[in-house]
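Understanding the architecture of this molecule
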Amino acid sequence: MENLGNICKEQNIPRDLYQALNILINELYTFPEIYSCSIIGSLAKGMYVYGSSDIDLLILTNTNIKMRKVLKKIEDKLVSPVFSDDIYIVTHNKTSISLAFREEKNYMEYIDKILNGEFMNCLIKDWSIGGVIEEVMLYDISSSIRCFDKSKCISKKSQEISSKSILFFEEAKKKLHIQFQNKSTLALDQYEKGNKFLFMFAFFELISVFSRLFCVSKNEFHPSLKHLVSKSNYNEFQKIIQMEKFNCEEFNYEAARETVEILKRKVNI
């Protein structure tokens with residue numbers, strides 16, 4: 001188990017939140033049906049901001065897990081978890097702690113398909129804005145803080161992701177380039193027809209596709225759209241999409257069209 005106390009101290013997590021997190025992880029460890037628990041997302045990537053960031057746990061189990069029993073133990077020790085789409089959320093003061101319970105075998109097969117380039121989708125979830133970009137999961141595993149890993153599954157998969165990453169980036173570039181070409185054509189077509197509402201939707205979808213292409217072109221895993229548009233170390237991306245022109249009360253359609261043309265040149269279409 002990695003030193004959670006030092007990690008929390010480095011990222012200025014309040015002591016009471018660390019204690020709640022520690023209690024939660026220790027309780028999960030007592031279940032033999034739970035193989036591993038890893039912290040992923042902002043905290044694991046060194047991007048945590050208290051008051052605005054969540055804490056995300058990826059929990060791998062076997063098929064015999066009795067969720068009612070697990071949730072009851074969490075409720076007894078902390079608070080009752082709230083179900084949202086496919087995760088449970090425990091709230092402690094200003095922070096949401098999300099618990100993603102996944103059956104180990106099925107989840108690892110799913111990750112393998114992402115790594116092999118079979119899935120390049122964006123999944124709509126109740127708990128996310130702009131959808132869940134599947135290759136973010138590769139970054140999550142490779143950067144995860146392993147609280148416990150009884151089966152060594154996460155450790156092995158992290159090493160595999162590292163060894164196969166260059167091949168993944170090359171294949172992802174090809175698929176995302178086609179997606180970008182199709183989506184930019186569709187967006188401009190709606191603009192020319194005067195369908196501003198549809199153009200606005202197509203524009204935001206195009207930004208999502210470009211964000212993925214931007215990352216793989218640098219041989220980097222996608223950190224999540226939230227981090228790309230809010231963290232100072234991603235200033236290059238924010239400047240390319242002209243983000244400063246959209247922090248306004250009304251949607252700037254002319255600036256959006258200009259951004260589409262800029263991105264097309266950037267992608268060489």
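For the structure itself, consult the block above.
In short, a report on the structure. Note that the structure is predicted; figures quoted are calculated from it, not measured. (Residues numbered from 1 in each chain as written. Predicted model: local features only at pLDDT ≥ 70, side-chain atom pairs only at ≥ 80, totals over all residues. Heavy atoms only, no water.)

**Notes on unusual backbone geometry**
Unusually for a residue other than glycine, N12 sits at a positive phi of about 60°. Relative to the elements of secondary structure, N12 occurs in the loop between α1 (4-10) and α2 (15-29). The phi dihedral of Q242 falls on the positive side, at around 55°, and the residue is not glycine. Relative to the assigned elements, Q242 resides in the loop between α9 (235-240) and α10 (253-267). (Helix = DSSP H or I, 4+ residues; strand = E, 2+ residues; numbered from the N terminus.)

**Description of the pattern of salt bridges**
What the rule picks out here adds up to 18 salt bridges. In this structure, E27 engages K77 in a salt bridge whose closest nitrogen and oxygen atoms are separated by 3.9 Å. Taken together, the positions of E27 in helix α2 and K77 in helix α3 (residues 67-77) put the pair 50 residues apart, joining distant regions of the chain. Take E27: its relative accessible area is 14%, and that puts it in the buried class. The partner of K245 in a salt bridge is E258, and the shortest N-O contact between them spans 3.4 Å. On the criterion of sequence distance, the pair formed by K245 in the loop between α9 and α10 and E258 in helix α10 is long-range, its members being 13 residues apart. Here E258 falls in the partly exposed class, since its relative accessible area comes to 38%. Among the charged side chains, a salt-bridge network with shared partners connects D112, K157, E160 and K164. (Salt bridge = Lys/Arg side-chain N within 4 Å of Asp/Glu carboxyl O. Buried < 20%, exposed > 50% of the residue type's maximum accessible area, 1.4 Å probe, protein only.)

**Structural notes on the packing of aromatic side chains**
Taken as a whole and assessed by the stated rule, the structure comprises 21 aromatic pairs. Considering the side-chain rings of F210 and F214, the 6.2 Å spacing of their centres and the 45° angle between planes classify their relative orientation as tilted. Linking F210 with F214, this pair stays in helix α7 (residues 196-217), spanning four residues, or about one helical turn. Take F210 and F214: they sit in the same class, and that class is buried. Seen in terms of ring centroids, F210 and F237 are 6.1 Å apart; in terms of plane orientation they differ by 15°. Their pairing is stacked. Residue F210 is located in helix α7, and its partner F237 is located in helix α9; the two are separated by 27 residues in the primary sequence. Of the two residues examined, F210 and F237, each falls in the buried class. Members of the aromatic cluster, connected to one another through ring pairs, are Y191, F199, F203, F204, F246, F251 and Y253. Above the face of the Y139 ring, K45 is positioned so that its terminal group lies 4.6 Å from the ring centre. (Phe/Tyr/Trp six-rings, centres within 6.5 Å; stacked < 30°, edge-to-face > 60°. Lys NZ or Arg CZ within 6 Å of the ring centre and 35° of its normal.)

**Concerning the pairing of strand β5 (residues 95-103)**
Judged by how many residues are buried, β5 sits mostly within the fold: seven of nine residues are covered. Direction of pairing for strand β2 (residues 55-61) relative to β5: parallel, over a ladder of seven bridges. Residue pairing across strands places I55 opposite I97, the latter belonging to β5. Bridge count between strand β4 (residues 87-92) and β5: five bridges; the pairing is antiparallel. Residue pairing across strands places I89 opposite S98, the latter belonging to β5. (Pairing = 2+ DSSP bridges.)

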